[in-house]
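Descriptive analysis of the structure
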Amino acid sequence: CGKPATPRSDLFGLGGLLYALCTGRPPFPGEHVAAVLRAVAEDEPKPLDVFRQDIPEWLDKVVTRLLRKNP
């Protein structure tokens, strides 16, 4: 929120990409940009195993950690 981007920004983006690759869905869905931004700021993504039970536990942990709001 008004702070410069850091390498952590790239890790968060990687988490979003991995989430989408594993589930076929964005981690923070929304009907418009404002809804997506609100979801990124306030919501937690659904666990990967909600969509795919064959995802290894280690991968679920990595993606969850990458998408943490407070590293």
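Preceding this section is the structure that the text describes.
Throughout what follows, the structure given in this document is the object of discussion. Bear in mind that the values here come from a model prediction, so they are computed numbers and not experimental data.

1. Quick word on the nonpolar core
Grouped together as the largest cluster of nonpolar side chains are nine residues: Tyr19, Cys22, Phe28, Ala39, Leu48, Ile55, Leu59, Val63 and Leu67. If you list the elements that add at least two residues to this core, you get α1 (7-23) and α3 (57-66). Setting aside residues no more than four positions away along its own chain, Leu59 makes contact with Cys22 and Leu48.

2. Points about the environment of Gln53
Note on placement: Gln53 falls in the loop between α2 (33-42) and α3. For Gln53, a relative accessible area of 63% corresponds to the exposed category. Polar side-chain contacts of Gln53 include one of 2.8 Å to the backbone oxygen of Asp49.

3. Notes on the packing of α1 against α3
The interhelical angle for the contact between α1 and α3, taken along N-to-C directions, is 135°, at an axis separation of 8 Å. By the angle between their directions, the pair α1 and α3 is classed as oblique. The two elements α1 and α3 meet at a crossing, and its hand is left-handed. Residues Arg8, Leu11, Phe12, Leu14, Gly15, Leu18, Tyr19 and Cys22 of α1 pack against Leu59, Val63, Arg65 and Leu66 of α3. For the contact of α1 with α3, the residue count by class is nine nonpolar, one polar and two charged.

4. What about the environment of Leu59?
Its location among the elements puts Leu59 in helix α3. Measuring from C-alpha to C-alpha, the distance between Leu59 and Tyr19 comes to 9.7 Å, with 40 residues separating the pair along the chain.

Conventions adopted
- Residues numbered from 1 in each chain as written.
- Predicted model: local features only at pLDDT ≥ 70, side-chain atom pairs only at ≥ 80, totals over all residues.
- Heavy atoms only, no water.
- Core = buried A, V, L, I, M, F, W, Y, C linked by side-chain atoms within 4.5 Å.
- Buried < 20%, exposed > 50% of the residue type's maximum accessible area, 1.4 Å probe, protein only.
- Helix = DSSP H or I, 4+ residues; strand = E, 2+ residues; numbered from the N terminus.
- Contact = heavy atoms within 4.5 Å.
- Polar contact = N/O pair within 3.5 Å; in protein donor to acceptor, adjacent residues only side chain to side chain.
- Axes fitted to C-alpha atoms, helices over the stretch in contact; angles between N-to-C directions.
- Parallel < 35°, antiparallel > 145°, perpendicular 65-115°, else oblique.
- Left-handed = near helix turned anticlockwise from the far one by under 90°.
- Nonpolar A, V, L, I, M, F, W, Y, C, P; charged D, E, K, R; others polar.

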